[in-house]
Amino acid sequence: MNVGKGSTKALRLLSKSPARAYRSHPIRTASQCSVPGPSNTDRPHFPCVDAHAARESRIRSSRSSSSASSVPASSGPEPPYARPNPTTYKVYHHKSPLPLVYADPLPAFDIAYETWGTLSPRKDNVILLHTGLSASSHAASTELNPADGWWEKFIGPGKALDTNQFFIICTNVLGGCYGSTGPSSIDPTTGEPYATRFPVLSVFDMVRAQFSLLDHLGIERLYASVGSSMGAMQSLAAGWLFPERVGKVVSISGTARSSPSAIAMRFAQRSVLMADPNWKNGFYYDGLPPHTGMKLARQIATITYRSGPEWDLRFGRKLRKLPDADAAALASADRARPPALCPDFLIETYLDHQGEEFCLKYDANSLIYISKAMDLFDMTAPALAELRLPAPPPRAGPPPLPPSLTAHPASPAHAQYHHLLSHSKSHPPPPNPPLHLPDLAAGLRPLANTPVLILGVQSDILFPVEQQREVADALRIAGNQMVSYYELGGVWGHDTFLLDVQNVGGAIRGFLS
């Protein structure tokens, strides 16, 4: 639209008009606005906006002191994604180039990892656990780091990932910022952080980096590959890339083909982040991080992680509690509570808190790169062919026996175990199958002989349950007779994989054992 001089003059006159807004008294937190005073001539005060400047001031003052604390802050019922201490995890340095799908090989890289349980003499009891977008390798507490991990209730003796039976490995993904090489890592050719010179990654690149670690550890085969959310993508990719090396696949609240709606939500997150003036095209490491964009991006993400029904039960339309003095003033004046433009509803204060807790804990460029890798993920045959990824043949041998049977000679129990695997749990066939389903079935053909557990959550809006049904359908069309599929109820949405120990954990334990 062409704005002429007349329009410019009108805009100037408009900008000089008195602001028709309530004036708020100064308050102490970023999620409250006090009851307005009687005057409407003063410039209004917005603590939720002022909080960004206050945070920036704190960052400036702390840059000369020690780095941010590694102590995780409470964020409600969700396990915290806190920055781990570098002395509490192991790092594997890979010296040779790693081929990448979209770019030239990465000359060298680091992978941070942690382990639980005991590796068997035959090294046949290994489970590779894949993380979601922003999680570190600290999935559960260890002797070096006794703090609870992001999957604390699922890992340990007798738990879903039973450390009495299995040796569990969890890595920080390539592209991350918790010990593995990513945009914040030093580029050896320049001596400075890669920033946005870092190559665009694919989920397949992340998995290949993990298998380089397995090679280093002398682990030829995995008993299982397990993952949730983005980890579910990695788990499927691991079984696809290495059918003979992956015994079983567990895919929870994931997909084999990122949907337009999920791409849109992640694009919105990247957009607000990249619009932050502090982002500076990704070259912010010698200055202030784009903390405001990160906070807004996390708020958008949080909307997709939970569900409307849960928030109805948890928050409803309740408002935050007013300070006693303000509540008393309203009561004495017999006035209705005036609304605030800053967080007023409890759901608003919850999103504000989630964004505030996260915005300085994760690297902005890592969020951009890893979320883009999720968008690019597509296991349909045409998409894989376009990436020049040759499809390996399905595994030739039978699936691995659980540790409880491997110690015994061949017995009828072995045949019974394989018989149970071959009886797939069913769900109604899709009444209107998506047009891409045949292509997805063709793409998933390398997984035809690999037992796969798929879990979907009916309240998940980020990875709707239809996407998990689609993966199960495609695998069956591809000839896989060892697909176990379950749909879970509940109101926790996408984050069900973090919270529902009984149903998620029970399904995993049964499938693995």
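Conventions we followed
Residues numbered from 1 in each chain as written. Predicted model: local features only at pLDDT ≥ 70, side-chain atom pairs only at ≥ 80, totals over all residues. Heavy atoms only, no water. Helix = DSSP H or I, 4+ residues; strand = E, 2+ residues; numbered from the N terminus. Buried < 20%, exposed > 50% of the residue type's maximum accessible area, 1.4 Å probe, protein only. Contact = heavy atoms within 4.5 Å. Patch = residues over 30% accessible without salt bridge, like charges linked within 9 Å, V, L, I, M, F, W, Y side chains within 5 Å. Areas by Shrake-Rupley, 256 points an atom, 1.4 Å probe, with all protein chains shown as cover. Salt bridge = Lys/Arg side-chain N within 4 Å of Asp/Glu carboxyl O. Disulfide = S-S within 2.5 Å. Core = buried A, V, L, I, M, F, W, Y, C linked by side-chain atoms within 4.5 Å. Expected span 1.5 Å × (residues − 1). Arc of directions from axis to C-beta.

Participant: Can you break down the overall build of the chain residue by residue, with the values?
Facilitator: Along the chain, the regular secondary structure elements total 17 helices and twelve strands. Burial analysis of the chain (513 residues in total) assigns 51% to the buried set. Excluding contacts between residues fewer than 6 apart, the proportion of contacts in the chain whose partners are at least 24 apart in sequence is 74%.

Participant: Account for a nonpolar patch on the surface, with residues named and values stated.
Facilitator: On the surface, a cluster of nonpolar side chains totalling about 220 Å² of accessible area is made up of Tyr102, Val200 and Leu376. Structurally, the position occupied by Tyr102 is in the loop between β1 (90-94) and β2 (109-116). On the basis of relative accessible area, Tyr102 is assigned to the partly exposed category, the value being 36%.

Participant: Could you give me a rundown of the state of the cysteines, with the residues and numbers involved?
Facilitator: The term disulfide refers to a covalent linkage connecting the sulfur atoms of a pair of cysteines. Applying the stated rule across the entire model yields one disulfide. Shown here is the disulfide that connects Cys48 with Cys342, its sulfur atoms set 2.0 Å apart. Across the S-S bond linking Cys48 and Cys342, the dihedral sits near -80 degrees, which makes this disulfide left-handed. With Cys48 in helix α2 (residues 47-62) and Cys342 in the loop between α8 (324-333) and α9 (346-358), this pair connects stretches of sequence that are 294 residues apart. Its relative accessible area of 1% is what places Cys342 among the buried residues.

Participant: Can you tell me about the nonpolar core, naming the residues and giving the values?
Facilitator: Membership of the largest hydrophobic core comes to 79 residues, with the highest contact counts inside it found for Ile169, Phe204, Tyr362 and Met379. Ranked by residues supplied to this core, first place goes to helix α3 (residues 203-216) with eight residues. When neighbours within four sequence positions are excluded, Ile169 is seen to be in contact with Tyr113, Glu114, Thr115, Val126, Ile127, Leu128, Leu129, Leu213, Leu214, Leu217 and Ile219. Leu129, Leu161, Tyr223 and Leu453 belong to the second-largest nonpolar core, a separate cluster that totals 32 residues.

Participant: Give a description of the pattern of salt bridges that names residues and reports values.
Facilitator: A side chain of one charge can pair with a side chain of the opposite charge when the charged atoms of the two come close. In this structure the tally under the stated criterion is 18 salt bridges. When the shortest N-O distance is used, the salt bridge between Arg320 and Asp344 registers 3.5 Å. With Arg320 in the loop between α7 (308-314) and α8 and Asp344 in the loop between α8 and α9, the pair connects residues that are 24 residues apart, well separated along the chain. Both residues of the pair, Arg320 and Asp344, count as buried. The salt bridge involving Arg469 is made with Glu487; its shortest N-O contact spans 2.3 Å. Residue Arg469 is found in helix α15 (residues 465-477), and its partner Glu487 is found in strand β12 (residues 483-488); the two are separated by 18 residues along the sequence. For Arg469, a relative accessible area of 29% gives the class partly exposed. For Glu487, a relative accessible area of 27% corresponds to the partly exposed category. If you follow the salt bridges from partner to partner, you end up with Arg55, Arg58, Lys295, Asp352 and Glu356 in one network.

Participant: How would you sum up helix α17 (residues 501-512)? Please name residues and give values.
Facilitator: In a regular helix each residue adds 1.5 Å, so twelve residues correspond to 16 Å; α17 covers 15 Å between its end C-alpha atoms and thus fits that length. Those residues of α17 lying buried are Val504, Gly505, Ala507, Ile508, Phe511 and Leu512. The arc that holds the buried residues of α17, viewed along the axis, is 160 degrees, so those residues lie on one side. Among the exposed residues of α17, those pointing more than 90 degrees away from its buried face are Gln502 and Gly510.

Participant: So, unusual backbone geometry: which residues are in play, and what are the values?
Facilitator: Located in the positive-phi region is Lys280, a residue other than glycine, with phi close to 55 degrees. Topologically, Lys280 is positioned in the loop between α5 (260-274) and α6 (291-305). Not every positive phi belongs to a glycine, and Asp334 is a case in point at roughly 55 degrees. Position of Asp334 among the secondary structure elements: in the loop between α8 and α9.

It is worth stressing that arrangement in space is one thing and function is another; only the former is reported here.
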